[in-house]
Amino acid sequence: MRALIGMAWMVWGVALAAPNEKDAVALTEKGAQYVRAHGKAEMAARINSKDPDFNQGALYLAMRDLNGITLAHPTTALIGKNLLDVPDADGKLFRQEMLALARGPGRGWVDYKFRNPETGKVEAKRTYVLRVDDVALEAGIYKH
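What you see is a predicted model, and the numbers here were worked out from it, not measured in a lab.

Parameters at a glance
- For every chain, the first residue of the written sequence is number 1, and numbering continues from 1 onward in sequence order.
- With pLDDT at 70 or above as the cut-off, local features in this predicted model cover only qualifying residues; side-chain atom pairs require 80 or more to be listed or tallied, and sums for whole chains, interfaces and linings still use all residues.
- The side-chain figures draw on all heavy atoms in the structure; neither hydrogens nor water molecules are used.
- Secondary structure elements are taken from DSSP: a helix is a run of H or I of four residues or more, a strand is a run of E of two residues or more, and numbering for both begins at the N terminus.
- Only protein chains enter the accessibility calculation, which uses a 1.4 Å probe; a residue is then buried when its area is under 20% of its type maximum, exposed when over 50%, and partly exposed in between.
- Multiply 1.5 Å by the residue count of a helix minus one, and that product is the helix's expected span.
- What the arc covers is the set of directions going from the helix axis to the C-beta atoms.
- By definition, residues are in contact when any of their heavy atoms lie within 4.5 Å.
- N or O atoms closer than or at 3.5 Å make up a polar contact, with two conditions inside protein: a donor-capable atom paired with an acceptor-capable one, and, for residues adjacent in sequence, both atoms drawn from side chains.
- For the purposes of this section, nonpolar cores are sets of buried Ala, Val, Leu, Ile, Met, Phe, Trp, Tyr and Cys residues that join through side-chain atoms within 4.5 Å.
- Paired strands are those between which DSSP finds at least two bridges.

S.K.: Is there a simple way to think about unusual backbone geometry in this case?
M.R.: For residues other than glycine, phi is negative in most cases, and the peptide bonds are mostly trans. With phi around 60 degrees, Lys 50 is a residue other than glycine that occupies positive phi space. By secondary structure assignment, the location of Lys 50 is in the loop between α3 (40-48) and β1 (55-56). Judged by relative accessible area, which is 48%, Lys 50 ranks as partly exposed. Positive phi is not limited to glycine here, since Asp 133 has a value of about 55 degrees. Of note, Asp 133 is situated in the loop between β5 (122-132) and β6 (135-142).

S.K.: Is there a simple way to think about helix α2 (residues 21-38) in this case?
M.R.: Every α-helix winds through 3.6 residues per turn, so residues three or four apart in the chain are directed the same way. Its 18 residues place the ends of α2 26 Å apart at the C-alpha level, agreeing with the 26 Å of an ideal helix rising 1.5 Å per residue. Here α2 has its buried residues at Ala 24, Leu 27, Thr 28, Gly 31, Ala 32, Tyr 34 and Val 35. Down the axis of α2, the buried set is contained in an arc of 165 degrees. They therefore lie on one face. In α2, the exposed residues that point more than 90 degrees away from the buried face are Lys 22, Gln 33, Arg 36 and Ala 37. Elements that come into contact with the buried residues of α2 comprise α3, β1, β2 (59-65), β4 (107-115), β5 and β6. Structurally, the start of α2 carries an N-cap: the backbone nitrogen of Lys 22 is 2.9 Å from a side-chain oxygen of Asn 20. Trailing α2 by a residue or two, Gly 39 shows a phi angle of about 95 degrees, which is positive.

S.K.: Whenever I open this one, α3 confuses me. Can you help?
M.R.: Among all positions in α3, only Met 43, Ala 44, Arg 46 and Ile 47 are buried. Projection of α3 onto a plane perpendicular to its axis shows the buried side chains occupying an angular sector of 165 degrees, all on one side. As for α3, its buried residues are in contact with α2, β2 and β3 (70-72).

S.K.: Explanation requested: the nonpolar core in the structure shown.
M.R.: For soluble globular proteins, the rule of thumb is that nonpolar side chains tend to be buried together. Of all hydrophobic cores here, the largest spans 20 residues; its most connected members are Met 43, Leu 61, Met 63, Val 132 and Leu 137. Elements with a contribution of two residues or more to this core: α2, α3, β2, β5 and β6. Broken down by element, the residue count for this core peaks at five residues, all from α2. Ignoring any residue separated from it by four or fewer positions in sequence, one finds Met 63 in contact with Lys 40, Met 43, Ala 44, Ile 47, Ile 69, Thr 70, Leu 71, Ala 72, Val 135, Ala 136 and Leu 137. Core analysis: the second largest hydrophobic core is formed by 15 residues, Leu 66, Leu 84, Phe 94 and Leu 99 among them.

S.K.: How should the pairing of β4 be read in this particular structure?
M.R.: Where a strand is regular, its side chains alternate between the two sheet faces. The side-chain alternation of β4 yields one buried face, formed by Gly 108, Val 110, Tyr 112 and Phe 114, and one unburied face, formed by Arg 107, Trp 109, Asp 111, Lys 113 and Arg 115. Where β4 and β5 come together, nine bridges link them in antiparallel fashion. Bridge pairing in β5 links Val 110 to Thr 127. Between β4 and β5, which pair antiparallel in sequence order, lie six residues; one of them, Gly 120, sits at a positive phi of approximately 75 degrees.

In structure tokens:
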């Protein structure tokens, strides 16, 4: 439905705004509420099934445990993997920064490069990390 609405706006010459930092924070907060109400397993199932409540194209929710294992991600090939030592295109170990935020202050932002699912290109990305119990929820925006 969102795609159809977006297409309608494009036809009328008005582009929908790209997701911003507020959208990323709101998505992680929504995920945190869902985890608290329904548990991690149900949250993981919704993320992994690309539920539109938690996957809006380039803005999506992911979940990892505090040891670095990816528990849920729309790119299902990442599930069950510890990718802490896999750097971004510039050599930055961004997942280690995400985990440090989750373990420490429990929330914050990390900047890095990642493949945008909408363009297929590696782009600058900013991800908000929010710890909920023993998992980290993550939602990021691409900076065009």
